[in-house]
Amino acid sequence: MVNNKGGVGKSGTTVRLAEGLAKAGKRVFVVDMDPQGNSSQMFGWHYDPAKKQPTISQAIKANTDSDALGSAREVFQPIAWTCDYAERISIAPARLPLENRMSEAGIAGAWRRLEKALDGVDDAVDYTLIDCPPSLFHLTQLGLAAAHDAVIVTEADFYSIEGAKRVRDFIEHKAPKDLANPGLSIRGVIINRYKDTVRQNEQRDSIRRIFGPLVWDPTVKFIEQLATSNNNGISLDESKGDRLPEIRATYELLTQTFLKEIPHP
């Protein structure tokens, strides 16, 4: 899950797709590769110094050689939601020290460390979603090198679209050689936080012209109650509000699109 621009709701989309997949009976791992740790917090995960919970940063750091294959096995943890499908979601959380991995970008083979950390770890789950930071630098490259598919999340906004185009160009022209991942492809573009204004209608149409059939339906509307649920770190089933049925329906439909476009092998 990626965009070269921040603030497009990428973490929230990752979390709600994971929720939709879990509600559909799928087992899901979520890897938080953003040092801000937003998706971790949206799942209700908070770092407890007394427990010294491991994070994805430690798993990546461990992979300096082949002896550390599968080091993410001890990192995945239950989420804090109380709904019945929460047990089908596990999080490899992130904290700010994940930024330290950026300094290792020049080390030979460093871009493969997440791939190696996940080696054999997620074989038993249906999907692993990787929430990348809003850049195309080392942390995002770790995610793209480990991924089979990429989904771009964008707003109907000029700068968000430019960020989406940069992701497209990177994946099409750089990833096959620089990340040794020729099979990586863009499988979808999600229009998020959509407001029915003249300007956003024009930008939405622009996204459809640029990305064509890659654009998924439905478009996710901007609804304040969704942002509140994300900020509170709770599931949609635990949330309250007049427009919650609309939000739930949107993500159920988007989950069906996900399952259609990225079927489990």
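What comes next is a walk through the structure. Since this is a predicted model, take the numbers as computed values, not measurements. (Residues numbered from 1 in each chain as written. Predicted model: local features only at pLDDT ≥ 70, side-chain atom pairs only at ≥ 80, totals over all residues. Heavy atoms only, no water.)

**Regarding the overall build of the protein chain**
Check the secondary structure of the protein chain and you find ten helices and six strands. Expected size for 265 residues packed as a compact globule is a radius of gyration near 18 Å; at 18 Å, the protein chain falls within 12% of this value. A principal-axis box enclosing the C-alpha atoms of the protein chain has dimensions of 55 × 45 × 35 Å. Of the contacts made within the protein chain by residues no fewer than 6 positions apart, 79% connect residues no fewer than 24 positions apart. (Helix = DSSP H or I, 4+ residues; strand = E, 2+ residues; numbered from the N terminus. Rg over C-alpha atoms; globule rule 2.2 N^0.38 Å. Contact = heavy atoms within 4.5 Å.)

**Comments concerning the pairing of strand S6 (residues 185-191)**
The buried fraction of S6 is high, at five of seven residues. One ladder, built from six bridges, connects strand S5 (residues 149-154) with S6; its direction is parallel. Paired with Thr-154 across the two strands is Ile-191, which belongs to S6. (Buried < 20%, exposed > 50% of the residue type's maximum accessible area, 1.4 Å probe, protein only. Pairing = 2+ DSSP bridges.)

**Considering the packing of aromatic side chains**
Applying the stated criterion across every chain, the model contains six aromatic pairs. Both rings, one in Tyr-127 and one in Phe-258, keep their centres 5.1 Å apart while their planes meet at 75 degrees; by these two values the pair is edge-to-face. Highlighted residues: Tyr-127 in strand S4 (residues 127-131) and Phe-258 in helix H10 (residues 244-261), separated in sequence by 131 residues. Grouping residues by exposure puts Tyr-127 and Phe-258 together as buried. With a centroid separation of 6.0 Å and 85 degrees between ring planes, the pair formed by Trp-216 and Phe-258 is classed as edge-to-face. Taken together, the residues span a long stretch of sequence, with Trp-216 in the loop between helix H8 (198-211) and helix H9 (224-232) and Phe-258 in helix H10 at a distance of 42 residues. With relative accessibility at 2%, the residue Trp-216 sits in the buried group. An aromatic cluster of three or more residues is present, and its members are Tyr-127, Trp-216 and Phe-258. Positioned above the aromatic ring of Phe-222 is the side chain of Lys-195, whose terminal nitrogen or guanidinium carbon lies 4.8 Å from the ring centre. (Phe/Tyr/Trp six-rings, centres within 6.5 Å; stacked < 30°, edge-to-face > 60°. Lys NZ or Arg CZ within 6 Å of the ring centre and 35° of its normal.)

**Section: the sheet that holds strand S3 (residues 89-92)**
Overall, mixed pairing links the four strands, which are arranged S2-S3-S1-S4 in an open sheet. Every interior strand has two partners, whereas the edge strands, strand S2 (77-78) and S4, have only one. The pairing of S2 with S3 spans two bridges and is antiparallel. Each bridged residue has a counterpart across the sheet, and for Gln-77 the counterpart in S3 is Ile-91.

**Side note on unusual backbone geometry**
Put simply, Asp-217 and Pro-218 share a cis peptide bond, and its omega is 0 degrees. Mapped onto the elements, Pro-218 comes out in the loop between H8 and H9. Despite not being glycine, Lys-52 has its phi angle at roughly 50 degrees, a positive value. The phi angle at Ala-180 is positive, at roughly 50 degrees, despite the residue not being glycine. Position of Ala-180 relative to the elements: it lies in the loop between helix H7 (175-178) and S6.

**Re the packing of helix H1 (residues 10-23) against H10**
Between two packed helices, what matters for the description is the angle formed by their axes and the separation of those axes. One way to put it is that H1 packs onto H10 with a least axis distance of 9 Å and a crossing angle of 80 degrees. As the angle between them shows, H1 and H10 are arranged roughly perpendicular. Here Arg-16, Leu-17, Gly-20, Leu-21 and Lys-23 of H1 lie close against H10, whose contacting residues are Tyr-251, Glu-252, Leu-254, Thr-255, Phe-258 and Leu-259. In terms of residue class, the contact of H1 with H10 is built from six nonpolar, two polar and three charged. (Axes fitted to C-alpha atoms, helices over the stretch in contact; angles between N-to-C directions. Parallel < 35°, antiparallel > 145°, perpendicular 65-115°, else oblique. Nonpolar A, V, L, I, M, F, W, Y, C, P; charged D, E, K, R; others polar.)

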